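Structure at a glance
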Amino acid sequence: MNPFETLSLEHSSTVDRVAEELRRALFDGEVEAGTPLREVALAGAMGVSRSTIREALGVLVAEGLATRTPNRGVHVTEPDPASVHDVSAARLVLEVAGVHRWAEAGEEAREACRRALRDFAEAAGSGASPAELTAAHLAIHRSFVGLTGSTRLVALAESLTSEIRLALAKVDRIRRNAGDQVHSHTTLVDLLEAGRLDEAAAELTRHLEHAETSMLTALDLA
């Protein structure tokens, strides 16, 4: 079976549209981790030039969704247990630091957490795509880091989440429990609003540890 046969592109041959269609296929699970992304096959499937495909693949590599390896070309990023654990550990440090800064954070940063939660709830209730759900999910966690007030830490958090987006999307596809996830994140924000920061940090720690285990299981790496 050709892994690219479900791809389609309408009325456009732009790099952005090609990259977006490839993202959709990755997040929907149509193209699995480790799959080679061959320029010729993709160009034929999507009806665009190889140069356009090459540029689009460069976008995915920059986002961490694909990996370019010497003598192997480009393939869908394939996480390993060590990298998943390392990213999870780094996320925990950043997000817990933000949670502990809730009281000192500006109102704009606190409102960003509330808004991210509302957006996630809306996406979960509207039948959003796996890519949209994953993006909304991760936006909440980035908003926790935003409570630190450090743009550098937020940028670091964005870089880290790009490495686990595919793994988290697979977990979400397997679980199909967006409603439960909304409830879990609502609990976190409610604890923050109540000023129960130590409890919020403990809850967030449990949440991220469970997320790490779920990702490893979903990727058959546990």
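Small disclaimer: the values here were computed from a predicted structure and weren't measured.

Conventions used here
- Residues numbered from 1 in each chain as written.
- Predicted model: local features only at pLDDT ≥ 70, side-chain atom pairs only at ≥ 80, totals over all residues.
- Heavy atoms only, no water.
- Helix = DSSP H or I, 4+ residues; strand = E, 2+ residues; numbered from the N terminus.
- Rg over C-alpha atoms; globule rule 2.2 N^0.38 Å.
- Buried < 20%, exposed > 50% of the residue type's maximum accessible area, 1.4 Å probe, protein only.
- Contact = heavy atoms within 4.5 Å.
- Areas by Shrake-Rupley, 256 points an atom, 1.4 Å probe, with all protein chains shown as cover.
- Lys, Arg positive; Asp, Glu negative; His and termini not counted.
- Charge placed at Lys NZ, Arg CZ, Asp CG, Glu CD.
- Axes fitted to C-alpha atoms, helices over the stretch in contact; angles between N-to-C directions.
- Parallel < 35°, antiparallel > 145°, perpendicular 65-115°, else oblique.
- Left-handed = near helix turned anticlockwise from the far one by under 90°.
- Nonpolar A, V, L, I, M, F, W, Y, C, P; charged D, E, K, R; others polar.
- Salt bridge = Lys/Arg side-chain N within 4 Å of Asp/Glu carboxyl O.

This brings us to the overall build of the chain. Looking only at helices and strands, the chain has 9 helices and 2 strands in total. Along the chain, from the amino end to the carboxyl end, the secondary structure elements read α-α-α-β-β-α-α-α-α-α-α. The C-alpha radius of gyration computed for the chain amounts to 18 Å, which stays within 12% of the reference 17 Å derived for 222 residues, consistent with globular compactness. Among the 222 residues that make up the chain, the fraction classed as buried is 45%. Considering only residue pairs separated by 6 or more positions, the chain has 71% of its internal contacts joining residues 24 or more positions apart. For the chain, the exposed area adds up to about 11,000 Å²; of that, 51% sits on carbon and sulfur atoms. Within the chain, the 34 negative side-chain charges are centred at a point lying 3 Å from the centre of the 23 positive side-chain charges.

Running from N to C, helix α4 (residues 81-100) and helix α9 (residues 197-218) cross one another at 165 degrees; their axes reach a closest spacing of 10 Å. In terms of orientation, α4 and α9 fall into the roughly antiparallel class. As for how α4 packs across α9, the hand of that crossing is right-handed. Here P81, V84, H85, S88, R91, L92, E95, V96, V99 and H100 of α4 lie close against α9, whose contacting residues are L197, D198, A200, A201, L204, T205, L208, E212, M215 and L216. Grouping the constituent residues of the contact of α4 with α9 by class yields 12 nonpolar, 4 polar and 4 charged.

For the rest of this paragraph, the subject is unusual backbone geometry. Positive phi outside glycine occurs at N71, with the angle close to 70 degrees. You can see N71 is positioned in the loop between β1 (66-69) and β2 (73-76). Owing to a relative accessible area of 86%, N71 belongs among the exposed residues under this scheme.

Our focus in this paragraph is the pattern of salt bridges. On inspection of all chains with the given rule, the structure shows 15 salt bridges. A salt bridge links E21 to R24; the nearest nitrogen and oxygen atoms lie 2.9 Å apart. Residue E21 and its partner R24 are both found in helix α1 (residues 15-27); the two are separated by 3 residues, about one turn of the helix. The class for R24 is partly exposed, based on a relative accessible area of 25%. Through salt bridges with shared partners, a single network forms among E107, R110, E111, R114, R118 and E193.

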